[in-house]
Amino acid sequence: MATTLSPAPSQVRTTEPRRNWLQTLTDSYILRKLLRTIFTIFIVTTITFFLIRLLPGSPIDIYVNQLVVTYSMPINEARDQAASLFAFDLDQPLYLQYFDFMGSLLQGNLGSSILSPGTQVSAVIARFLPWTIFSVGLGLIISFVIGMVLGVLMAYRRESFLDHILTVLSSVLSSVPDFLIGLLIVVWLGVQWKLLPIAAMRGAYSSNVQPGLNFFFIKDAFFHAILPISTYVLTSVGFWMLSMKSSTVSTLGEDYVTVAKARGLREQRIATAYVGRNAALPLFTLLTIRIGFVVGGSILVEQIFEYGGIGRQLGQAIGQRDYTVMQGIFLIITFSVIFANFFADILYGWLDPRIKLGVKD
Amino acid sequence: METVQDGFKAIWKSLKLLTYNKVGFIGFLFVLGVILMTYVGSNFVELDTKTKVDKIYMKPSAEFWLGTDHQGRDILSQIVHGGKDVIYVAFIAALLSTTIAVAFGTLSGFVGGWVDNLIMAITDVILTIPQFPLLAVLAAFISLSSLTFLGLLLGLLSWPSLLRSIRAQALSLKQRDFIEAARALDLGIWHIVFRELVPNMMPYIVVSFTLAMTGAVYAQAGLVFLGLVPISSSNWSVMIQLAWVRGAIFFKDSVWYIMSPIIAIALLQLSLITMTRSLELIFNPRLRASE
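Residues numbered from 1 in each chain as written. Chains lettered and ligands numbered in written order. Predicted model: local features only at pLDDT ≥ 70, side-chain atom pairs only at ≥ 80, totals over all residues. Heavy atoms only, no water.

K.L.:
Summarise unusual backbone geometry; cite the residues concerned and give the values.
P.N.:
Glycine aside, a negative phi is what most residues show, and trans is what most peptide bonds show. Positive phi, normally seen in glycine, also occurs at A:Glu306, with a value near 50°. By the secondary structure assignment, A:Glu306 is in the loop between α11 (267-305) and α12 (310-319). Here the phi dihedral of B:Asp186 falls at roughly 55°; this positive angle occurs in a residue that is not glycine. Its place among the elements puts B:Asp186 in the loop between α9 (177-184) and α10 (189-225). According to the relative accessible area criterion, B:Asp186 is exposed, its value standing at 66%. (Helix = DSSP H or I, 4+ residues; strand = E, 2+ residues; numbered from the N terminus. Buried < 20%, exposed > 50% of the residue type's maximum accessible area, 1.4 Å probe, protein only.)

Here is the structure:
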């Protein structure tokens, strides 16, 4: 392995800065990320539209068929009714329908529920989405913070008893599926040991409490959200601990840490200002992957605790084949995840300026 | 060509490397145990399908090692038989997603240029779509009654994060001396990719494969739990779903019925993940050579 090769000529080429307006535009980090976000949303919406319109046995055909068979409705009338529910005209050519769909989506019109006509899909979303953002967001933040602190601790006390215990614990927690942890909470804390009033904790808030910015409502909201949040924290914290540990271990070997030690800086200052900060950076790229995962898991977790969030609504809409509600909630969940990713990217670029300049990535 | 003796030697060497990491070895033994139980053990244990009204929710006894379910059937026999579907679907899914990830990840990292940009753009878009909601919505349109099809669908959606890490590996390997040397010798892209690049990524690929399996176990159990997979046969995920739908989890006596499949799935996941530590050692060409 003693072959020394001079770098290939292609690698030492110098890039002449030839800036035009397009380049200046794509050089802006935030703008680049924003363009990607919009592009992703466009792709997802397009795929969803064609999935619903073109797949054999599309929901619209099924619905029209159902109206004709069960209510012996004339086919034209049935199609009109379907069209009004899905918010686009079925008699137009496909590309016009597509523009229609996109247009009404931009206006926030997602059609109305099939099973309970008169209920706007956007109303369903406005009612249930905040609870999911509240519980999933809080769960993610808590697990991220705890995981980072414990991860640094594990890296500093490598091969100690604490490290071994925490490593085993985090491997176990991150390998058990989130909804199984939820089931375990219900089975053991709720049913077997009767430590928690599981039935009273269902829904997003109690019916006798008036929503508003007062102490009782906030307390009640936390009372109902505590089980989903705990589940998200329990299932995510192991992932963060292990990632933070390995990231910290590799940071500890960096030259600037050795230099900081040689300069005689206090151990605590090195741990927070030099090691911790740099080790945390790669975790933000993982955050983007994790958000989607936890949001996906919320469909199952909310089902188990019967929490009044959007995930449970999606599960029910899919179970009852309420296609308009399903489509609307799926789009909103996806948009939320895409935007969450966008903000994580912005945060990452702000924390690590090297990213903005395109040194990494 | 390897002779039979060389083959035995290689297997022996792998087994020795396997024991280097104790935790990984325990994981490996558990995975082996689960596979033996589902594929060999199921030939010896008969699936109990008889309803016995007088033996509902029995505690573990000499007759029923893990107790009985809501119809008085033996839980142990259901656990022994219930792993087949789960492992099969996970295997198919992991095979497909790892193949896609390795093929396009290496291509992307190695060729670079617009190919890289295109592949990464597609990957980033698919990566941001939350997988499980998409799967759940798709399950409402497509009938998932075929296990193979379910596995392929899971595999088709779960490659993006694998692809990104494979690409990163390919990018860093590309800079190494031995790849530069192979290029200088003009050995051709097929030789470089399959004889130089992939063997060096093998530990990584095998670990990714195992992790992809755990992802697929999660996704299929979740889909079954939502009642979106019309599979009639009894398997671990179906057992959990039935216990949930019938409200069995709210009975104090049914704890053995609900806990058995949960522990089975959790143990499978945990041992697959810990096994990766030993797999890394086995498939690392450098470690093999130094032995």
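That shown, we press on.
K.L.:
I'd like a rundown of the packing of aromatic side chains, residues and numbers included.
P.N.:
Residue and element names in this part refer to chain A. This model, assessed by the stated rule, comprises 25 aromatic pairs over all chains. Relative to Phe-99, the ring of Tyr-95 lies with its centre 6.3 Å away and its plane at 85°, an arrangement referred to as edge-to-face. Taken together, the residues Tyr-95 and Phe-99, both in helix α5 (residues 94-106) and four residues apart, mark about one turn of the helix. A relative accessible area of 52% places Phe-99 in the exposed class. Geometrically, the ring pair formed by Trp-131 and Phe-217 is edge-to-face, given 6.2 Å between the ring centres and 70° between the ring planes. (Phe/Tyr/Trp six-rings, centres within 6.5 Å; stacked < 30°, edge-to-face > 60°.)

K.L.:
Summarise the interface of chain A and chain B; cite the residues concerned and give the values.
P.N.:
With 51 residues of chain A at the contact, the number on the chain B side is 44 residues. For the chain A and chain B pair, buried surface summed over both sides reaches about 4,300 Å², with 79% attributable to carbon and sulfur atoms. Run the count over chain A and chain B and you get one salt bridge. For A:Arg36, the salt bridge identified is with B:Asp124, shortest N-O distance 3.4 Å. Counting across the interface, chain A meets chain B through two residue pairs in polar contact (both at pLDDT 80 or more). (Contact = heavy atoms within 4.5 Å. Buried area = accessible area lost by both parts, 1.4 Å probe. Salt bridge = Lys/Arg side-chain N within 4 Å of Asp/Glu carboxyl O. Polar contact = N/O pair within 3.5 Å; in protein donor to acceptor, adjacent residues only side chain to side chain.)

K.L.:
Outline the domain arrangement of chain B, supporting the account with residue identities and numerical values.
P.N.:
Residue and element names in this part refer to chain B. Assigned domains of chain B: these are domain 1 (2-82 + 236-288) and domain 2 (86-213). The centre of domain 1, based on its C-alpha atoms, is set 28 Å off from the matching centre of domain 2. Each partner contributes residues to the interface: domain 1 has 17 residues there, and domain 2 has 14 residues. When the two sides are added together, the surface that domain 1 and domain 2 hide from each other amounts to roughly 1,200 Å², 77% of it contributed by carbon and sulfur. Joining domain 1 to domain 2, the criterion identifies zero salt bridges. Between the two partners, domain 1 and domain 2, sit zero residue pairs in polar contact (both at pLDDT 80 or more). Listing elements by their share of the side of domain 1 that touches domain 2, those giving two or more residues are α2 (22-39), α11 (236-245), α12 (255-282) and α13 (285-290). With seven residues, α12 is the single largest residue contributor to the side of domain 1 that touches domain 2. (Domains from an automatic or database assignment.)

K.L.:
Break down the pattern of salt bridges for me, citing the residues and quoting the values.
P.N.:
All names here are of chain B. Applying the stated rule across the entire model yields eight salt bridges over all chains. A salt bridge links Arg-164 to Asp-124, with the nearest nitrogen and oxygen atoms 2.5 Å apart. Taken as a pair, Arg-164 in helix α8 (residues 160-174) and Asp-124 in helix α5 (residues 113-128) lie far apart in primary sequence, 40 residues in all. What makes Arg-164 partly exposed here is its relative accessible area of 35%. For Asp-124, a relative accessible area of 14% translates into the label buried.

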